[in-house]
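Descriptive structure summary
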Amino acid sequence: MQIDNMVRELGTLVGPSFVETGPEAILNAGFKPDMKPAILVFPGSQDEVCRVVAWASDNRTPIVPFGGGTRLDQVLTPFDGGIGLSLSRLNRILELEADNLSVTVEAGLTNEALQEILRPENLFLPVWPDFPASTIGGEVAGNFSSWKRYRYGSLADYVLGVTCVTPRGQVVRTGGKTVKNASGYDLTKLLSGSWGTMGVITSLILKLKPLPEKEAVVSAAFSSPDEAVRAAGRILAARTVLSSLNIFSDGPTGGLRWALCLEGSREAVASHLDLARRILGDSARVLEDAEGLAAFRTGYLQVRRFLKGAGNSTAVIDKRLTEKMIPVLKLLAETKAAYDFDPAAGVLEFSLPGQEQLPQPDFLARWKPLADQMAGGIQTTFDRAAGHPVLEKLVSRIDPLGLMFPANVFLKDVHRG
């Protein structure tokens with residue numbers, strides 16, 4: 001179908017002012033020059049989402065649903081055409097039950113906006129965004145995790161229910177405010193990490209937690225990965241009330257940073273701060289006030305944003321082999337890679353400078369013997385995303401026309417109908 005006809009027909013569904021074809025607007029939404037739809041559509045309600053998806057199904061037109069567009073380049077493969085469906089106008093809190101520790105939100109609400117609303121209630125969603133524009137729906141679709149994943153896990157752990165629009169334009173609701181046992185596929189969990197291949201998430205019921213009484217970050221200076229990793233090992237052995245322990249670098253400067261986050265009661269945090277000081281000695285610097293914690297968060301987010309460009313890789317590590325990661329971190333430092341090593345959770349994320357997708361052969365040649373020395377204790381995805389076996393089984397039934405997020409790296413080799 002001609003673009004002019006698409007604009008006219010989709011404009012009757014969502015309003016003419018909420019259809020966009022300008023190249024600059026498409027790139028600003030998070031797409032790349034070789035990975036972009038022909039048209040952006042901004043529905044303002046779940047009903048409008050249903051109409052757009054049904055129209056796309058009737059007209060055999062691919063759809064890429066997205067929220068803030070902050071991680072699109074991690075999952076897209078080259079394509080040109082179809083509809084980019086933005087959830088940015090679906091950004092309300094539908095219901096907040098503070099006593100029940102739950103909230104129902106539209107998918108386009110940003111994580112940051114939600115946290116601001118929850119803070120006066122002494123509540124929070126314990127998953128922190130890497131980007132201010134990151135939306136709850138997008139984070140659930142990517143099963144996002146980041147800082148403090150050791151203590152709190154990923155966003156999928158806090159999803160109680162999901163409402164989504166299927167590839168045929170029908171509304172499906174899964175889960176609810178109470179946890180039930182069920183046989184077969186858990187569709188609520190399956191939608192967490194589906195990256196838009198099963199439908200368009202429009203709203204979610206989320207489990208919340210009370211804010212911790214006290215938070216502190218202990219930063220420390222080390223001259224080499226050897227010292228940083230061994231200090232991390234001593235902290236982990238001490239069994240503190242840690243929420244996260246990170247060794248990280250932004251890459252371009254080559255600087256190495258180290259930070260331990262403690263959370264809990266005032267008494268527990270104070271006691272474990274003393275323990276951390278004894279372990280770390282004079283290198284320990286404690287951040288407890290709001291200004292210091294905010295400054296740390298800003299610096300850490302800068303590193304996270306370096307990591308989230310194309311070329312991002314993730315390694316899952318057997319935590320018993322933490323000290324064997326020292327040569328790996330040295331290699332990343334030599335190549336000026338940005339990285340975030342979380343030894344508590346056993347996760348390493350890194351991004352090599354100037355490499356859009358797979359690492360270059362010279363890097364892989366140096367990486368392989370280091371991985372071999374760990375004898376299966378490190379599992380790395382160099383192609384920006386790992387496969388999703390359950391989705392691969394279901395996708396041809398759920399989306400027989402292959403229209404939902406067809407340029408998706410998860411399903412690039414999967415038959416889609």
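Cut-offs and rules
Residues numbered from 1 in each chain as written. Predicted model: local features only at pLDDT ≥ 70, side-chain atom pairs only at ≥ 80, totals over all residues. Heavy atoms only, no water. Helix = DSSP H or I, 4+ residues; strand = E, 2+ residues; numbered from the N terminus. Rg over C-alpha atoms; globule rule 2.2 N^0.38 Å. Buried < 20%, exposed > 50% of the residue type's maximum accessible area, 1.4 Å probe, protein only. Contact = heavy atoms within 4.5 Å. Areas by Shrake-Rupley, 256 points an atom, 1.4 Å probe, with all protein chains shown as cover. Patch = residues over 30% accessible without salt bridge, like charges linked within 9 Å, V, L, I, M, F, W, Y side chains within 5 Å. Salt bridge = Lys/Arg side-chain N within 4 Å of Asp/Glu carboxyl O. Lys, Arg positive; Asp, Glu negative; His and termini not counted. Charge placed at Lys NZ, Arg CZ, Asp CG, Glu CD. Core = buried A, V, L, I, M, F, W, Y, C linked by side-chain atoms within 4.5 Å. Pairing = 2+ DSSP bridges. Axes fitted to C-alpha atoms, helices over the stretch in contact; angles between N-to-C directions. Parallel < 35°, antiparallel > 145°, perpendicular 65-115°, else oblique. Left-handed = near helix turned anticlockwise from the far one by under 90°. Nonpolar A, V, L, I, M, F, W, Y, C, P; charged D, E, K, R; others polar. pLDDT = per-residue confidence, 0-100. 1 Å grid on protein atoms, 1.4 Å probe; cavity = no way out; pocket = protein on both sides within 12 Å on 5 of 7 lines; lining within 4 Å. Points joined across faces, edges and corners; volume = space filled by probe spheres on them. Disulfide = S-S within 2.5 Å.

**A look at the overall build of the protein chain**
A tally of helices and strands in the protein chain yields 14 helices and 21 strands. Here the protein chain has a C-alpha radius of gyration of 22 Å; the compact-globule value for 417 residues is 22 Å, and the two agree. Considering only C-alpha atoms, the protein chain reaches an extent of 70 × 55 × 45 Å along its principal axes. Expressed as a percentage of the 417 residues in the protein chain, the buried residues total 54%. Considering only contacts within the protein chain whose residues lie at least 6 apart along the sequence, 70% involve residues at least 24 apart. About 18,100 Å² of surface is accessible on the protein chain, with carbon and sulfur atoms providing 50% of the total.

**Comments concerning a positive patch on the surface**
On the surface, a cluster of positive charge is contributed by Arg151, Lys189, Lys207 and Lys209. The partly exposed category is assigned to Lys189, whose relative accessible area is 36%.

**Focus on the nonpolar core**
The biggest cluster of nonpolar side chains holds 42 residues, and the ones touching the most others in it are Ile247, Trp258, Leu332, Leu348 and Trp367. Within the second largest apolar cluster, 29 residues are counted, among which are Val140, Leu155, Val159 and Leu190.

**Concerning the pairing of strand 15 (residues 242-249)**
For strand 15, a buried count of eight out of eight residues is recorded, marking the element as mostly surrounded by other parts of the structure. Pairing of strand 15 with strand 16 (residues 257-264) involves six bridges; the strand directions are antiparallel. From the neighbouring strand, Ile247 faces strand 16, where its bridge partner is Trp258. Looking at chain direction, strand 15 and strand 19 (residues 338-342) are connected through three bridges and run antiparallel. Looking at the pairing, Ile247 lines up with Phe341 of strand 19.

**Some remarks on the packing of helix 12 (residues 326-334) against helix 13 (residues 361-373)**
With their axes 10 Å apart at the nearest point, helix 12 and helix 13 run at an angle of 170° to one another. Overall, the two elements helix 12 and helix 13 adopt an arrangement that is roughly antiparallel. In this structure, helix 12 meets helix 13 at a crossing whose hand is right-handed. Along the contact surface, helix 12 presents Pro327, Val328, Leu331, Leu332 and Glu334, while helix 13 presents Phe363, Arg366, Trp367 and Leu370. Per-class residue counts for the contact of helix 12 with helix 13 are seven nonpolar, no polar and two charged.

**Re the sheet that holds strand 17 (residues 284-287)**
If you trace the eight strands from one edge of the open sheet to the other, you get 17-14-16-15-19-20-18-21, paired in antiparallel fashion. Where the open sheet ends on each side, the last strands, each with one partner, are strand 17 and strand 21 (378-381). If you compare each strand with its neighbour and ignore which way they point, the axes differ by 20° on average. Lying on the sheet, helix 9 (residues 225-237) is in contact with strand 15, strand 16 and strand 19; it crosses strand 15 at an angle near 175°.

**Quick look at the packing of helix 1 (residues 3-14) against helix 3 (residues 46-58)**
Packing of helix 1 against helix 3 brings their axes to within 9 Å, and their N-to-C directions diverge by 150°. Taken together, the axes of helix 1 and helix 3 are roughly antiparallel relative to one another. Considering the relative orientation of helix 1 and helix 3, their crossing is right-handed. Note on element contacts: helix 3 touches helix 1 through Glu48, Arg51, Val52 and Trp55, opposite Met6, Glu9, Leu10, Leu13 and Val14. Taken together, the residues of the contact of helix 1 with helix 3 sort by class into six nonpolar, no polar and three charged.

**Let's talk about the pairing of strand 18 (residues 312-317)**
Across five bridges, the pairing between strand 18 and strand 20 (residues 347-351) is antiparallel. From the neighbouring strand, Ser313 faces strand 20, where its bridge partner is Phe350. Sheet analysis places strand 18 next to strand 21, joined by four bridges and oriented antiparallel. What sits directly across from Thr314, in strand 21, is Thr381.

**A word on the confidence of the model for the protein chain**
On average, the protein chain scores 87 in pLDDT, and the residues at 70 or more come to 91%. Long-range and interchain partners of residues 181-185, a stretch whose pLDDT sits below 50, account for three contacts in this model, where long-range means more than four residues apart.

**Describing empty space enclosed by the protein**
Under the criterion given, the structure shown has one cavity of 30 Å³ or more. Empty space within the largest cavity amounts to approximately 320 Å³. Along the walls of the largest cavity sit 25 residues, with Phe66, Gly67, Gly137, Gly138 and Ala141 positioned nearest its centre. Elements with a minimum of two residues in the lining of the largest cavity: strand 4 (63-66), helix 6 (136-141) and strand 12 (200-207). Looking at the lining of the largest cavity, the element that brings in the most residues is helix 6, giving four residues.

**Some remarks on the sheet that holds strand 7 (residues 93-97)**
The five strands lie next to each other as 7-8-12-10-11, forming an open sheet whose pairing is antiparallel. Whereas interior strands pair on both sides, the edge strands pair on one side only; in this sheet they are strand 7 and strand 11 (171-175). Ignoring strand direction, the axes of neighbouring strands in this sheet form an average angle of 10°. Inspection of the sheet shows strand 8 (residues 102-106) paired to strand 12 by five bridges, in the antiparallel sense. Looking at the pairing, Ser102 lines up with Lys207 of strand 12. Here helix 3 sits on the sheet and contacts strand 10 (159-165), strand 11 and strand 12; the angle it forms with strand 10, its principal contact strand, is near 50°.

**Focus on the state of the cysteines**
Scanning the entire structure with this criterion turns up zero disulfides. Residue Cys50 stays outside any disulfide, its sulfur separated by 9.6 Å from that of Cys164, the closest cysteine. Residue class for Cys164 comes out buried when judged on its relative accessible area of 5%.

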